[in-house]
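Observations on the model geometry
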Amino acid sequence: MNLLESQIAFPDEIQAIKTATADWITKRVLPREVAIYTTGEVPADILQEMRDLGYFGLTIAPEYGGSGLSHLGFLAVHEELTRGPKPLWNPINVANGVAARVLQLSATEEQKQKYLPGIAAGTLQPAIAVTEPQAGSDVQGLKSRAEKTGKGWVINGSKHYITFGARADVLFVLARTAGKEAGSAGFTLFLVDKGNPGLKIARMQENMSGKPLEQTELLFDNCEVLDSAILGGVGKGLKCVFPTFAEERVTMATTALGTARRAIELAVDYAKTRKTFGSFLSEYQALQHSLADCVIELTAARSMTFELARQLDHRVVSPPEAAMVKVFCAEMANRVVDRCLQVFGGAGFMAESPICQMYRDVRVLRISGGTSEIQRNIIAKELLK
Ligand SMILES: Cc1cc2nc3c(=O)[nH]c(=O)nc-3n(C[C@H](O)[C@H](O)[C@H](O)COP(=O)(O)OP(=O)(O)OC[C@H]3O[C@@H](n4cnc5c(N)ncnc54)[C@H](O)[C@@H]3O)c2cc1C
């Protein structure tokens, strides 16, 4: 029995694609893990395989070129993909996540036809532009405004930390379309295409992960869009995005699972080959217990995540349920990667080692997609209401 592998029973069709993905990651991606981390780039042949294997369209319906996997199926596959390096799975995550879900839940048929096939094929990059310098956790504090004009709307404002903002073919932009008195109905979601003269890339934002540079500060300077760029209707912006945020949090939990698993695999391999004082590291009880704790936590987190993942296909999952899974798994992965890095000693601190990069990458799971504090607020509000 491999203690790191999921023992969860999935329907046959999900198990088949999960196993195929695990094999692909093991045989095609992990042998090039160091190179991908070092350059921050996915080799062209691997990118093409990602497209050919349909990973960009896992959650997209077959009529738009995707494979139409259930939530459970997507999350089972996503856990396997996230054993690989972040530059590989991050674009898959963005494509299948908020972008694909918002389009499928709220877009007109014309909008679906325009964007979904490209996203599913992995040739059209979406980006979600919500966060602003003045408004992160407090989404409703955002200041970007869209004003009605004769032929459409004009957007002004700025966004930052936008993943793939610079290379996005389409941006999903949340902006104010009414004053504070409108409450949650004061926001509208717009689709802004690449090349719009009013969309400016202010700067790339370097972060703790290093390469590749993905986060972008964007400026909307009299950015004109037509009425047909609105998603879900005027004033429906929060209604469009909030349900997908809860789903995204469960997806981030599976990212934490894949990351933690890969970290343990690396630490176990190292402990079996590195000798100190004439013995392998794996013979020292201090490290054995540390690794045992890692696998206990991973297994608990996986059970919790997939218990909820099963519900996603049958009912609307509430924000506190998604928050519990996100916060637990994100913090689990941070503890696990930290312990695994310790097994490597100085080698774990060197930038050339994958565990070093994983340590940098895993930190953001406690911040993006809603911080751990905000998740606890959501849980406590429900508990104490
Ligand atoms: C790598 C990365 C990628 C991202 N990608 C995107 C993207 O593609 N699109 C996008 O729109 N955004 C993106 N974000 C933004 C991300 O969603 C926000 O950073 C996150 O929601 C937190 O907002 P903030 O950074 O403004 O922190 P703030 O909201 O300023 O919070 C600062 C601190 O205060 C705490 N805090 C705030 N309010 C409360 C409260 N009420 N109670 C207790 N504690 C509180 C927070 O938990 C945090 O610790 C990304 C961020 C990162 C780091």
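Residues numbered from 1 in each chain as written. Predicted model: local features only at pLDDT ≥ 70, side-chain atom pairs only at ≥ 80, totals over all residues.

1. Topic: the site of the ligand
As a matter of local geometry, the ligand sits amid 21 residues, with Val 130, Gly 136, Ser 137, Thr 371 and Glu 373 nearest to it. Secondary-structure elements contributing two or more residues to the shell around the ligand are β1 (126-129), β3 (152-163) and α12 (372-384). Along the lines of polarity and charge, the residues of the shell around the ligand split into nine nonpolar, eleven polar and one charged. Counting contributing residues, the shell around the ligand receives three or more from each of domain 2 (127-235) and domain 3 (239-384). (Near = placed C-beta within 6 Å. Helix = DSSP H or I, 4+ residues; strand = E, 2+ residues; numbered from the N terminus. Nonpolar A, V, L, I, M, F, W, Y, C, P; charged D, E, K, R; others polar. Domains from an automatic or database assignment.)

2. Notes on helix α8 (residues 285-312)
Counted at 1.5 Å a residue, the expected span for α8 with its 28 residues is 40 Å, and the 41 Å between its end C-alpha atoms agrees. Buried residues along α8 sit against α4 (71-81), α7 (237-273) and α9 (319-344). (Expected span 1.5 Å × (residues − 1). Contact = placed C-beta atoms within 7 Å.)

3. Focus: helix α6 (residues 109-121)
Between the first and last C-alpha of α6 there are 18 Å, a value that for 13 residues agrees with the 18 Å anticipated at 1.5 Å per step. The sharpest bend along α6 comes to roughly 30°, located at Tyr 115, with the proline Pro 117 sitting one to four residues further on. Taken together, the buried residues of α6 touch α5 (86-106), β1 and β4 (170-176). Gly 122 lies just past α6 and shows a positive phi near 80°. (Bend = angle between axes of the 7 residues up to and from the residue.)

4. Things to note about the domain arrangement of the protein
Interface size is often expressed as the accessible area that is lost when the parts come together. Assigned domains within the protein: domain 1 (12-125), domain 2 (127-235) and domain 3 (239-384). Taken over C-alpha atoms, the centre of domain 1 sits 21 Å from the centre of domain 3. Contacts between the two partners involve 21 residues from domain 1 and, on the opposite side, 22 residues from domain 3. Of all elements in the fold, only α2 (33-39), α4 and α5 reach the threshold of two or more residues within the side of domain 1 that touches domain 3.

5. Examining the nonpolar core
Judged by nonpolar contacts, the single largest core of 109 residues is most densely connected at Phe 190, Ala 256 and Cys 340. Ranked by residue count, the leading element in this core is α7, at 17 residues. Ignoring sequence-local partners within four residues, the contact set of Ala 256 consists of Ala 301, Cys 329, Ala 330, Met 332, Ala 333 and Leu 365. (Core = buried A, V, L, I, M, F, W, Y, C linked by C-beta atoms within 7 Å. Buried ≥ 20, exposed ≤ 12 C-beta atoms within 10 Å, placed from the backbone.)

6. A short note on unusual backbone geometry
The residue Phe 164 is not glycine, and still its phi comes out positive at about 65°. With respect to the element layout, Phe 164 can be found in the loop between β3 and β4. The residue Asn 222 is not glycine, and still its phi comes out positive at about 50°. Here Asn 222 is to be found in strand β7 (residues 215-226). On the basis of neighbour counts, which here come to 10 C-beta atoms within 10 Å, the residue Asn 222 falls in the exposed class.

7. Section: the packing of α7 against helix α11 (residues 354-362)
For the pair α7 and α11, interaxial distance at closest approach is 10 Å and the crossing angle is 155°. Comparing the axis directions of α7 and α11 gives the class roughly antiparallel. Between α7 and α11 the crossing geometry is left-handed. The residues of α11 that touch α7, namely those facing Thr 259, Arg 262, Ala 263 and Leu 266, are Pro 354, Ile 355, Met 358 and Val 362. (Axes fitted to C-alpha atoms, helices over the stretch in contact; angles between N-to-C directions. Parallel < 35°, antiparallel > 145°, perpendicular 65-115°, else oblique. Left-handed = near helix turned anticlockwise from the far one by under 90°.)

8. Here's the deal with the packing of helix α1 (residues 12-29) against α4
For the pair α1 and α4, the least separation of the axes is 8 Å and the interaxial angle reads 15°. Overall, the two elements α1 and α4 adopt an arrangement that is roughly parallel. By crossing handedness, the relation of α1 to α4 is classed as right-handed. Listed contacts from α4 to Ile 14, Ile 17, Lys 18, Thr 21, Ala 22 and Ile 25 of α1 are Leu 72, Gly 73, Ala 76, Val 77, Glu 80 and Leu 81. Partitioning the contact of α1 with α4 into residue classes produces eight nonpolar, two polar and two charged.

9. A look at the environment of Pro 91
By the element assignment, Pro 91 lies in helix α5. Setting aside chain neighbours within four positions, we find Pro 91 in contact with Gln 125 and Phe 164.

10. Brief notes about the environment of Val 170
By secondary structure assignment, the location of Val 170 is in strand β4. Given 22 C-beta atoms within a 10 Å radius, Val 170 is considered buried. Taking the C-alpha atoms as reference points, Val 170 and Val 192, separated by 22 residues in sequence, lie 5.6 Å from one another. Discounting chain neighbours no more than four positions away, the residues touching Val 170 are Tyr 115, Leu 124, Pro 126, Leu 191, Asp 193 and Lys 194.

11. Section: the pairing of β3
Pairing of strand β2 (residues 145-148) with β3 involves four bridges; the strand directions are antiparallel. Bridge pairing links Lys 148 to Trp 153 in β3. As consecutive antiparallel partners, β2 and β3 are separated by three residues. Relative to β7, β3 is paired through nine bridges, and the arrangement is antiparallel. The residue of β7 that forms the bridge with Gly 157 is Phe 220. (Pairing = 2+ DSSP bridges.)

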